[in-house]
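The primary structure of each chain is shown beneath.
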Amino acid sequence: MSEPHDQSPPPAPTGPHRRRPRYSGRNPRRFEDKYKERQPERYPETVAKVLASGKTPAGAHRPIMVGEVLEALAPRAGDTAVDCTLGYGGHAAELLARLQPGGRLLGLDADPLELPKTEARLRALGHGAETLIVRRVNFAGLAQVLAAEGLEGADCILADLGVSSMQLDDPARGFSMKEDGPLDMRMNPQRGLPASGLLERLQPQALVELLEANADEPHAAYLGAALAGRTFASTLDLASAVRTALPRLQGEALELSTRRVFQALRIAVNDEFSALETFLRRLPDCLKPGGRAAVLTFHSGEDRRVKKFFAAGLSAGAYEAVSNEVIRATAAERFGNPRSAGAKLRWARRASAS
Ligand SMILES: C[S@@+](CC[C@H](N)C(=O)[O-])C[C@H]1O[C@@H](n2cnc3c(N)ncnc32)[C@H](O)[C@@H]1O
């Protein structure tokens, strides 16, 4: 039998009134607190789960087409290699492992925020000053960097273009069209104009040309008129203005146009095409005779340039061989890492007797 309900009033509270702690919500609001993968030492099982689901753990970057890059570069013990785009250091770690004994790697990146973390990770793998040199520099200046290090040329040179997952995923860097952040997009936030400043200054026709040249955007005319000269405080403001400018587009078509607007601005803010052209022009001189270069690209504007410079180098006799066809990630890699889907790899080998 159940007890009768107690009808007496609740006891009067004793002591001063205390506010109940505010419910902070089950999901952290800030990117920095959101992902356990950002502390891989504490949460290795979370990292493993994310990788198994085909995603890249937040705060990391998975190197793309590692096997194909290594085959193209053929690094050997004793070689001097350059990774022009160190990023998270995934390709660099694989190269470093093959350069010993006696070899060294020069690692470059323009990003002053990620580079120290990457250098620390590679040093923790046991690579000291004699095997790994790290410089924060734009790869357009590769020839000068080699000269400053007293190197006549490299046996292997890798450039894996574009931005890293760490840069893309961190809303504070302003590359993300999914999470809100300042509209910045600079790989080196200490230099140049952020994307918001660029948009404020551009005339509509100049923006139309930029969207066409940097991203082959088919709706550039509408977007140029709607976006140029305006002030956008954040990435989501810009994404929503793109939606408003293209009211007839929906779903994937709208997402693709938004992506292309972000890509075109990022290329302009970082002067990516002129850096790439300077790099490609000087590349044969940066390789030792017989030296190998590999370039990974992520959109047609980059690949067109690589193809053109490699073909010109081959006909001029600066290269003795270049890849005939573009090399793509395998179906398995594309499935496991969707960021590899658009990647194209080309290689070139400097003439032995030039
Ligand atoms: C796709 S990520 C490289 C990822 C790297 N291969 C890895 O395994 O982690 C591209 C990197 O290149 C850097 N970068 C892009 N353009 C550059 C340039 N012109 N000079 C130097 N670094 C550049 C970016 O800051 C970014 O860290």
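Residues numbered from 1 in each chain as written. Predicted model: local features only at pLDDT ≥ 70, side-chain atom pairs only at ≥ 80, totals over all residues.

Visitor: I'd love a proper account of the packing of helix α10 (residues 220-227) against helix α11 (residues 235-245), names of residues and values included.
Guide: Relative orientation of the contacting elements α10 and α11 amounts to 125°, with a least axis distance of 9 Å. For the element pair α10 / α11, the angle class is oblique. When you trace α10 past α11, the crossing you get is right-handed. Contacts from Tyr222, Leu223, Ala226 and Leu227 of α10 reach α11 at Ala241, Val242 and Ala245. Split into classes, the residues belonging to the contact of α10 with α11 amount to seven nonpolar, no polar and no charged. (Axes fitted to C-alpha atoms, helices over the stretch in contact; angles between N-to-C directions. Helix = DSSP H or I, 4+ residues; strand = E, 2+ residues; numbered from the N terminus. Parallel < 35°, antiparallel > 145°, perpendicular 65-115°, else oblique. Left-handed = near helix turned anticlockwise from the far one by under 90°. Contact = placed C-beta atoms within 7 Å. Nonpolar A, V, L, I, M, F, W, Y, C, P; charged D, E, K, R; others polar.)

Visitor: Lay out the nonpolar core in plain terms, naming residues and giving numbers.
Guide: Counting 50 residues, the largest nonpolar core has Ile157, Phe279 and Ala294 as its most contacted members. The element best represented in this core is helix α13 (residues 272-286), accounting for six residues. Excluding its chain neighbours within four sequence positions, the residues that come into contact with phenylalanine 279 are Phe139, Ala140, Leu142 and Ala159. One finds Leu202, Leu210, Val242 and Phe262 within the second-largest nonpolar core, a separate group that totals 28 residues. (Core = buried A, V, L, I, M, F, W, Y, C linked by C-beta atoms within 7 Å. Buried ≥ 20, exposed ≤ 12 C-beta atoms within 10 Å, placed from the backbone.)

Visitor: Help me get a handle on the site of the ligand, residues and values and all.
Guide: What surrounds the ligand is a group of 22 residues, the closest being Pro63, Thr85, Gly87, Tyr88 and Gly90. Among the secondary structure elements, those contributing two or more residues to the shell around the ligand are α4 (90-99) and β2 (104-109). Of the residues that constitute the shell around the ligand, the class distribution is nine nonpolar, nine polar and four charged. (Near = placed C-beta within 6 Å.)

The values reported here are purely geometric and, on their own, carry no functional implication.
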